[in-house]
Amino acid sequence: MKNTVDVTRLSVFKTYKLYVGGKFPRSESGRVYEVTDSKGNWLANAPLSSRKDARDAVVAARKAFGGWSGATAYNRGQVLYRVAEMLEGRRDQFVREVADAEGLSKAKAAVAVDAAIDRWVWYAGWTDKIGQVVGGANPVAGPFFNLSTPEPTGVVTVLAPQESSFLGLVSVIAPVIATGNTVVVVASEKSPLPALSLGEVLATSDLPGGVVNVLSGRTAEIAAPLAAHQDVNGIDLTGADEALAKELEIAAADNLKRVLRAEHAERTAWSADPGTRRLTAFLETKTVWHPTGSLGASGSAY
């Protein structure tokens, strides 16, 4: 008698969780919401984040800021490149998730995923170069050295694009952390799965926990407390509609947050050359004056 193997089995459904402080908690509220594909077919249950989840994410981002901003730019570039390596290794998964999320064919989804990985590599290369572009020595009247250097703003809230679930997501996260900031990202409300999977990639890369924190749920519900949070230093309103963006911008003014409110073209043409606008959006400029001093009786200076 031949041995037979029962090939009938139950599929193991994936459980998507938040990514906060390098860990994968469920929402503090215990809530979830259904995520469907472009045809309305059920894909998964995603965590429905609460205000408490948002506050926890800010605490994690602030805790990670000192170490990440204090790392050398070269080291940050190495870490970001490692993330790109991990993304390349999970390319097929992201192609499938992007195809489902955006209603694309596998071929078009593959193009979007490849572009996202390439963009991550591109921003990795900017970490130790942006300082030379936006900083430098300034000519001044008087015997002084005058040097300007860019520094990260701090904790930044990023509202991810609603339509571009992966390329757009990478395009708003990578430049912010490349310059030394830490991030609380609110994933696309209708297509959060690629963002939640990105959290799994970040956890298995060299990126310190808390540098990127991923929340899913209702954009307006999560963004409101983050815009008003006194320990958030900047906010990117890309994923907000016009009415919500205006409301959040007013709330952000309370502690003088930096606000990036992208034009329509910036929020839709993700395949275009991104330039350096997002790299510089959450940078501060520190200028230092130092006397040159005098060399001997001749009065010459250096």
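Everything numeric here is computed off the predicted structure, so don't read it as measured data.

Trainee: Whenever I open this one, the environment of Asp273 confuses me. Can you help?
Mentor: Mapped onto the elements, Asp273 comes out in the loop between strand 9 (258-260) and helix 10 (277-280). The exposure class assigned to Asp273 is exposed, which follows from its relative accessible area of 65%. Considering only alpha carbons, one finds Asp273 and Asp92, 181 residues apart in sequence, at a separation of 25 Å. At a separation of 3.0 Å, a polar atom in the side chain of Asp273 contacts the main-chain amide nitrogen of Gly275.

Trainee: Explain the pairing of strand 7 (residues 212-215) to me, please; I cannot follow it from the model alone.
Mentor: For a regular strand, side-chain orientation follows a simple rule: the groups alternate between the two sheet faces. Burial of the side chains of strand 7 extends over both faces: Val212 and Val214 are buried on one face and Asn213 and Leu215 on the other. In this sheet, strand 7 lies alongside strand 6 (residues 182-186) in parallel orientation, the contact comprising 4 bridges. The residue bridging Val184 from the neighbouring strand is Asn213, located in strand 7. The parallel pair strand 6 and strand 7 is bridged by helix 7 (residues 193-203), and the resulting crossover is right-handed.

Trainee: In this structure, what is going on with the packing of aromatic side chains? I would like to understand it.
Mentor: The geometry of an aromatic ring pair is captured by two quantities: the separation of the ring centres and the angle between the planes. According to the stated counting rule, one finds 6 aromatic pairs in the structure shown. Centroid distance Phe13 to Trp42: 6.0 Å. Interplanar angle 75 degrees. Geometry classified as edge-to-face. Here Trp42 lies in strand 2 (residues 42-47) and Phe13 lies in the segment before strand 1 (32-36), a separation of 29 residues in the sequence. A relative accessible area of 62% places Phe13 in the exposed class.

Trainee: Could you clarify how one ought to interpret the nonpolar core in this entry?
Mentor: Most often, soluble globular proteins keep nonpolar side chains buried together rather than apart. Residues Leu87, Trp120, Phe166, Ile173, Ile177, Val185 and Val212 are the most contacted members of the largest nonpolar core, which totals 61 residues. Excluding residues that lie within four positions of it along the chain, Phe166 makes contacts with Leu87, Phe94, Val98, Glu102, Val113, Ala116 and Pro194. Counting 24 residues, the second largest nonpolar core, distinct from the first, contains Leu159, Ile222, Ala245 and Ala252.

Trainee: Help me understand the sheet that holds strand 10 (residues 283-291), please; the structure alone is not making it clear to me.
Mentor: The pairing of strands in a sheet comes from backbone hydrogen bonds and takes either a parallel or an antiparallel form. Across the sheet, 3 strands lie side by side as 3-4-10; this open sheet has antiparallel pairing. Here the strands that pair on one side only, and so sit at the sheet edges, are strand 3 (136-137) and strand 10. Sheet analysis places strand 4 (residues 144-152) next to strand 10, joined by 9 bridges and oriented antiparallel. Looking at strand 10, one finds that Phe144 is bridged to Pro291.

Trainee: Would you explain the pattern of salt bridges in this entry?
Mentor: Side chains carrying opposite charge are able to pair once their charged atoms draw close together. Scanning all chains against the criterion turns up 16 salt bridges. The closest approach of N and O atoms between Asp128 and Lys129, which form a salt bridge, is 3.1 Å. For Asp128, a relative accessible area of 33% gives the class partly exposed. Arg258 is paired through a salt bridge with Glu284; the nearest N and O atoms lie 2.8 Å apart. In this pair, Arg258 sits in strand 9 while Glu284 sits in strand 10, placing the two residues 26 residues apart along the sequence. Looking at Arg258, the relative accessible area reads 31%, which means it is partly exposed.

Trainee: Is there a simple way to explain the side chain of Ser27 in this structure?
Mentor: Counting through the fold element by element, Ser27 comes out in the segment before strand 1. You can call Ser27 buried: its relative accessible area is 7%. For Ser27, the side chain forms a polar contact with the side chain of Ser29, separated by 2.8 Å. For Ser27, the side chain forms a polar contact with the main-chain oxygen of Leu48, separated by 2.9 Å.

Trainee: So what exactly am I meant to see when it comes to the environment of Asp128 here?
Mentor: For Asp128, the position within the fold is in the loop between helix 4 (106-126) and helix 5 (130-134). Taking the C-alpha atoms as reference points, Asp128 and Ala46, 82 residues apart in sequence, are found 36 Å from one another. Once you skip the residues sitting within four places of it in the chain, Asp128 turns out to touch Ala73 and Tyr74. Among the polar contacts made by the side chain of Asp128, one reaches the side chain of Lys129 at a distance of 3.1 Å.

Trainee: Please clarify how the sheet that holds strand 5 (residues 155-159) should be interpreted in this entry.
Mentor: Pairing in this open sheet of 5 strands is parallel, and the strands run 7-6-5-8-9 from one edge to the other. Both outer strands of the open sheet, strand 7 and strand 9, are each paired with one neighbouring strand and no more. Here the average twist between neighbouring strands, direction ignored, is 15 degrees. As defined by bridge partners, strand 5 adjoins strand 6 across 5 bridges and the pair is classed as parallel. Across the sheet, Val158 pairs through a bridge with Val185, a residue of strand 6. Sitting on the sheet, helix 6 (residues 167-178) touches strand 5, strand 6, strand 7 and strand 8 (234-236), and the angle it makes with strand 6 is about 160 degrees. Against the sheet, helix 8 (residues 219-228) engages strand 5, strand 6, strand 7 and strand 8, with an angle of about 150 degrees to strand 6.

Rules of the game
- Residues numbered from 1 in each chain as written.
- Predicted model: local features only at pLDDT ≥ 70, side-chain atom pairs only at ≥ 80, totals over all residues.
- Heavy atoms only, no water.
- Helix = DSSP H or I, 4+ residues; strand = E, 2+ residues; numbered from the N terminus.
- Buried < 20%, exposed > 50% of the residue type's maximum accessible area, 1.4 Å probe, protein only.
- Polar contact = N/O pair within 3.5 Å; in protein donor to acceptor, adjacent residues only side chain to side chain.
- Pairing = 2+ DSSP bridges.
- Right-handed = clockwise from strand over helix to strand, strands pointing away.
- Phe/Tyr/Trp six-rings, centres within 6.5 Å; stacked < 30°, edge-to-face > 60°.
- Core = buried A, V, L, I, M, F, W, Y, C linked by side-chain atoms within 4.5 Å.
- Contact = heavy atoms within 4.5 Å.
- Salt bridge = Lys/Arg side-chain N within 4 Å of Asp/Glu carboxyl O.
- Axes fitted to C-alpha atoms, helices over the stretch in contact; angles between N-to-C directions.

Any functional reading would require information that these geometric values do not contain.
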